[in-house]
Amino acid sequence: SYYTKAKFLMSAPDIRHLKQDEGIEVAFAGRSNAGKSSALNTLTRQKNLARTSKTPGRTQLINIFELDENRRLVDLPGYGFAQVPLEMKKKWQASLGEYLQKRKSLRGLVVMMDIRHPFKDLDQDLIFWAVDAGLPVLALLTKADKLKSGKRKEALMFAKTAALAFNGDVTVQTFSSLNKIGVGEAEAVLNNWFDL
Ligand code: GDP
């Protein structure tokens, strides 16, 4: 897979510190503990590209990984961590909104949600902003291995129906880093966004 080429490029404390708005980037977002780091490691077949942590909300930096000189993966800080002060949350939301609206190189947003608790308020806010900005969204229902096949299909159907409410280009898929469910399907969507 092309994503095995991913290499750490830089960390940024804020979206305003991101460098050149050129080429193509795809952003990854999700609530803390949704399985975002694991998913990035799975997609890139690298054990420690994105740090998985046992302390939710610990990674507050934006991490940029380079695929080649024109393509980047952008790992956004996890959200929804109760202990984060309201002021910080507001700042983060404002700059995230601005990023989704203004970043020309941004081709799509991957939103990671635990298959057992999809579309929480902040997930919905984020997806609405992305759709508003005309961006396609890939909603990955993570930790799909936690549900048996029947329940998993049910959860997928339910989430696909819920996604219609956004009235935008929102693709919903199941994903598991543990069982490698949905990896190829997620890559197919990314390939399309990255012009691969
Ligand atoms: P992040 O905070 O969104 O980056 O989430 P992490 O990738 O650090 O994962 C949070 C927790 O969920 C960790 O304990 C992981 O081991 C677990 N986890 C992540 N992906 C999966 C998965 O596909 N299946 C299962 N069962 N657990 C997972």
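Residues numbered from 1 in each chain as written. Predicted model: local features only at pLDDT ≥ 70, side-chain atom pairs only at ≥ 80, totals over all residues.

Identification of the protein chain as Probable GTP-binding protein EngB from Alteromonas confluentis is taken from an unreviewed UniProt entry. You can read under Function (unreviewed entry) in the UniProt record for the protein chain the words "Necessary for normal cell division and for the maintenance of normal septation." Its UniProt record gives the protein chain the following Cofactor (unreviewed entry) comment, quoted word for word: "Mg(2+)". (UniProt positions renumbered as here; feature names shortened; annotations may be inferred.)

Visitor: What's the story with the sheet that holds strand β3 (residues 62–68) in this structure? I'm lost.
Guide: Two strands in a sheet stick together by hydrogen bonds in their backbones, pointing the same way (parallel) or opposite ways (antiparallel). Spatial ordering of the open sheet is given by β1-β3-β4-β2-β5-β6-β7, a layout of 7 strands whose pairing is mixed. Each of the sheet's edge strands pairs with one partner strand only, and the pair in question is β1 (7–12) and β7 (170–174). If you compare each strand with its neighbour and ignore which way they point, the axes differ by 20° on average. Of the strands in this sheet, β2 (24–30), β5 (106–114), β6 (137–142) and β7 are in contact with helix α3 (residues 121–132), which crosses β5 at around 165°. (Pairing = 2+ DSSP bridges. Helix = DSSP H or I, 4+ residues; strand = E, 2+ residues; numbered from the N terminus. Axes fitted to C-alpha atoms, helices over the stretch in contact; angles between N-to-C directions. Contact = placed C-beta atoms within 7 Å.)

Visitor: I would appreciate a short explanation of α3 in the present structure.
Guide: A turn of α-helix holds 3.6 residues, and therefore any two residues three or four places apart point the same way. Helix length check: α3 (12 residues) gives 16 Å between terminal C-alpha atoms against 16 Å at 1.5 Å per residue, within 8%. Of all the positions in α3, only D123, L126, I127 and A130 are classed as buried. Each buried residue of α3 lies within a common arc of 95° when the element is viewed along its axis, so the set occupies one face. The inward-facing, buried residues of α3 abut β2, α2 (86–102), β5, β6 and β7. G134 occupies a position one or two residues after α3 and carries a positive phi of about 80°. (Expected span 1.5 Å × (residues − 1). Buried ≥ 20, exposed ≤ 12 C-beta atoms within 10 Å, placed from the backbone. Arc of directions from axis to C-beta.)

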